[in-house]
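Each chain, letter by letter, is given below.
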Amino acid sequence: MAYFSNFVHSKLISKKDRKMKPPLPSSSSAVLRKARLSPYLFTLLAFIVFVAILYGEDFMCIFGQLEPIPGRPISRPVKKREKLPFAVGKTEEGCDMFSGRWVRDELTRPHYDESECPYIQPQLTCQEHGRPDREYQKWRWQPHACDLPSFNATLMLETLRGKRMMFVGDSLNRGQYVSMICLLHRLLPKDGKSMKTYNNDALTVFRAKDYNATIEFYWAPFLLESNSDNAIVHRISDRIVRKGSINKHGKHWKGVDILVFNSYLWWMTGLEMKILKGSFEDEEKEIMVVSTEDAYRMAMRTLLRWVRKNMDRKKTRVFFTSMSPTHAKSIDWAGEPGENCYNQTTLIEDPNYWGSDSRKSIMKVIGEVFSKSKFPITFLNITQLSSYRKDAHTSIYKKQWNPLTPEQLANPVSYADCVHWCLPGLQDTWNELLFAKLFYP
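Residues numbered from 1 in each chain as written. Predicted model: local features only at pLDDT ≥ 70, side-chain atom pairs only at ≥ 80, totals over all residues. Heavy atoms only, no water.

The chain carries the name Trichome birefringence-like 33 isoform 1 in an unreviewed UniProt entry, which gives Theobroma cacao as its organism. Its UniProt record, at the heading Sequence similarities (unreviewed entry), says of the chain: "Belongs to the PC-esterase family. TBL subfamily." According to its UniProt record, the chain has this under Subcellular location (unreviewed entry): "Membrane". (UniProt positions renumbered as here; feature names shortened; annotations may be inferred.)

> How should I be thinking about empty space enclosed by the protein in this particular structure?
To find the voids left in a structure, one rolls a probe of water-molecule size over its atoms. Overall, the coordinates contain two cavities of 30 Å³ or more when judged by the stated rule. Considering only enclosed or pocket space, the largest cavity measures out at about 80 Å³ in volume. Taken together, 14 residues line the largest cavity, and the ones lying closest to its centre are Arg-109, Gln-137, Trp-139, Gly-425 and Asp-428. Top element by residues in the lining of the largest cavity is helix α10 (residues 426–439). It accounts for four residues. Asp-170, Leu-172, Asn-262, Ser-263, Tyr-264, Leu-265, Thr-321, Ser-322, Met-323 and Ser-324 together form the lining of the second largest cavity. (1 Å grid on protein atoms, 1.4 Å probe; cavity = no way out; pocket = protein on both sides within 12 Å on 5 of 7 lines; lining within 4 Å. Points joined across faces, edges and corners; volume = space filled by probe spheres on them. Helix = DSSP H or I, 4+ residues; strand = E, 2+ residues; numbered from the N terminus.)

> I tried to follow the sheet that holds strand β7 (residues 240–242) on my own but got confused; where do I start?
Neighbouring strands of a sheet are bound in pairs by backbone hydrogen bonds; such pairs are parallel or else antiparallel. Strand order in this open sheet of three strands is β7-β9-β10, and the pairing throughout is mixed. Each having just a single partner strand, β7 and β10 (287–291) make up the two edges of the open sheet. Each strand axis lies, on average, 40° off the axis of its neighbour in the sheet, ignoring direction. Where strand β9 (residues 272–276) lies against β10, five bridges are found, and the strand directions are antiparallel. Along β10, the bridge assignment pairs Lys-274 with Val-289. (Pairing = 2+ DSSP bridges. Axes fitted to C-alpha atoms, helices over the stretch in contact; angles between N-to-C directions.)

> Mind showing me how you'd approach the environment of Leu-271 here?
As for its position among the elements, Leu-271 is in the loop between β8 (258–261) and β9. Taking the C-alpha atoms as reference points, Leu-271 and Thr-292, separated by 21 residues in sequence, lie 5.5 Å from one another. In contact with Leu-271, not counting residues within four places along its chain, are Val-290, Ser-291, Thr-292 and Arg-359. (Contact = heavy atoms within 4.5 Å.)

> What is the right way to look at the sheet that holds strand β5 (residues 203–208) in this model?
The strand order across the open sheet formed by seven strands is β4-β5-β6-β3-β8-β11-β12, and the pairing between neighbours is mixed. Sheet topology places β4 (193–198) and β12 (377–380) at the edges, where each strand pairs with a single neighbour. On average, each strand axis in the sheet is tilted by 15° relative to the strand beside it, whichever way the strands run. Direction of pairing for strand β11 (residues 317–321) relative to β12: parallel, over a ladder of four bridges. Residue pairing across strands places Phe-320 opposite Phe-379, the latter belonging to β12. On top of the sheet, helix α6 (residues 292–310) reaches β8, β11 and β12; it is set at about 165° to β11, its chief contact.

> Help me understand helix α4 (residues 171–184), please; the structure alone is not making it clear to me.
At 3.6 residues per turn, the α-helix brings residues three or four places apart onto the same side. Taking 1.5 Å of rise per residue, 14 residues should cover 20 Å, and α4 covers 20 Å from first to last C-alpha, within 8% of that figure. Among the 14 residues in α4, 14 count as buried, and that is most of the element. Between the side-chain oxygen of the N-cap and the backbone nitrogen of Leu-172 there are 3.0 Å, and the N-cap of α4 in question is Asp-170. (Expected span 1.5 Å × (residues − 1). Buried < 20%, exposed > 50% of the residue type's maximum accessible area, 1.4 Å probe, protein only. Polar contact = N/O pair within 3.5 Å; in protein donor to acceptor, adjacent residues only side chain to side chain.)

> Honestly, the pattern of salt bridges in this entry has me stumped. Any pointers?
Side chains that carry opposite charge are capable of pairing whenever their charged atoms lie near each other. Tallied over the entire structure, the rule returns 21 salt bridges. In this structure, Glu-286 and Lys-277 form a salt bridge, with 3.9 Å as the shortest nitrogen-oxygen distance. (Salt bridge = Lys/Arg side-chain N within 4 Å of Asp/Glu carboxyl O.)

> Would you mind showing me how to read the packing of aromatic side chains here?
How two aromatic rings sit relative to each other is given by the distance of their centres and the angle of their planes. Here the structure, examined in full by the defined rule, presents 15 aromatic pairs. In textbook terms, an aromatic cluster arises when at least three aromatic residues are bridged by ring pairs, as seen for Trp-219, Phe-222, Trp-266, Trp-267 and Tyr-296. If you follow Arg-104 out to its NZ or CZ, it ends over the ring of Trp-139, 6.0 Å from the centre. Across from the ring centre of Trp-354, 5.2 Å away, lies the NZ or CZ of Lys-360, which sits over that ring. (Phe/Tyr/Trp six-rings, centres within 6.5 Å; stacked < 30°, edge-to-face > 60°. Lys NZ or Arg CZ within 6 Å of the ring centre and 35° of its normal.)

> Is there a simple way to think about the environment of Val-413 in this case?
As for its position among the elements, Val-413 is in the loop between α9 (406–410) and β14 (417–421). Residue class for Val-413 comes out partly exposed when judged on its relative accessible area of 22%. Distance in space between the C-alpha atoms of Val-413 and Asn-340 is 6.5 Å, their sequence separation being 73 residues. Leaving out residues up to four positions away in the same chain, Val-413 has contacts with Gly-338, Glu-339, Asn-340 and Tyr-342.

Right under this line is the structure:
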């Protein structure tokens, strides 16, 4: 301030002098003007330095060079979350659709009757194959903090008008695919729908003719090329996956608008997997053995690269369904030793239950890889909610492809299928969650 007062005083004196003294030569006037400008510049520079010292760290924080000073709030521009394709709303704040409980519901469940959906494979028609109860059909998933939106078949079909939806994976994903068709087909006239298979049954296409829409299933249990790619004959104990070979299957997924992937069960052959580095056509095959987790990580990274390269984030959606649990060991839920899902008609009530067959290490791989994805992939976390449903498996109530031996018939536990699920049933809930995440992400 003292400097500022002296500066003003000197200005007053110089003004007075101009009245008393004759003008100086022009060259002297230029020198004087330069001298008079310097205090202005000095004051401006001093002010800039003062502000830089006082607020410099805040400026640098804004430009992302430093963390903000503790205790001093910095206002940052908030990046608007991009709207995902097909979204008509959003999930309410704090709602985790996958955390909840099963509620008995005899009014709205099941969504359809087994006999009125002709598309269910005989491996999943439990009533037709003698299951005596229907209790497994009467449960509704209730999230803790919100409600699931009701499945709207009309909205789903209108959304699919002129589009393709495809489920890619193993027989569990095929079950979810069939469930989706059962949820939709009643709205279509008999001559307005068809189902055909192609590529030696690797591709199944359900067509809603009036909507020019298809819902498809593509068999690829590992997503990558493998020695288990035959959709009919694939029961191979020594499974081999070819590294980086997703394009063999991926060429059939191009142009799809909504993709739903799964891949888990077929990786669970042990702690290690065989990976082929060359081609299955090579006479001498170079095969390496890696941990199942490393092999799975390789496949998921390859999948993400394919998605990033081939899918349009502004027009398409990609989903990934988590691992489907099995119920092969009754000791997991404190049941009688030597039992499994056979003859189970009640749910597991322990909210923290996690079966020994569900490997958390695989879930961690999914979380690790997908968290780095540049393309938005919606994760359908059906593992925990399905773990409670030891009652919902097909068990012995399915078509048996091979004649049962007298020993098997005497011990149904020995041939009970504790992997797949009856329809209608649990997998309809998976599609309710898919519906919710598609329209209300």
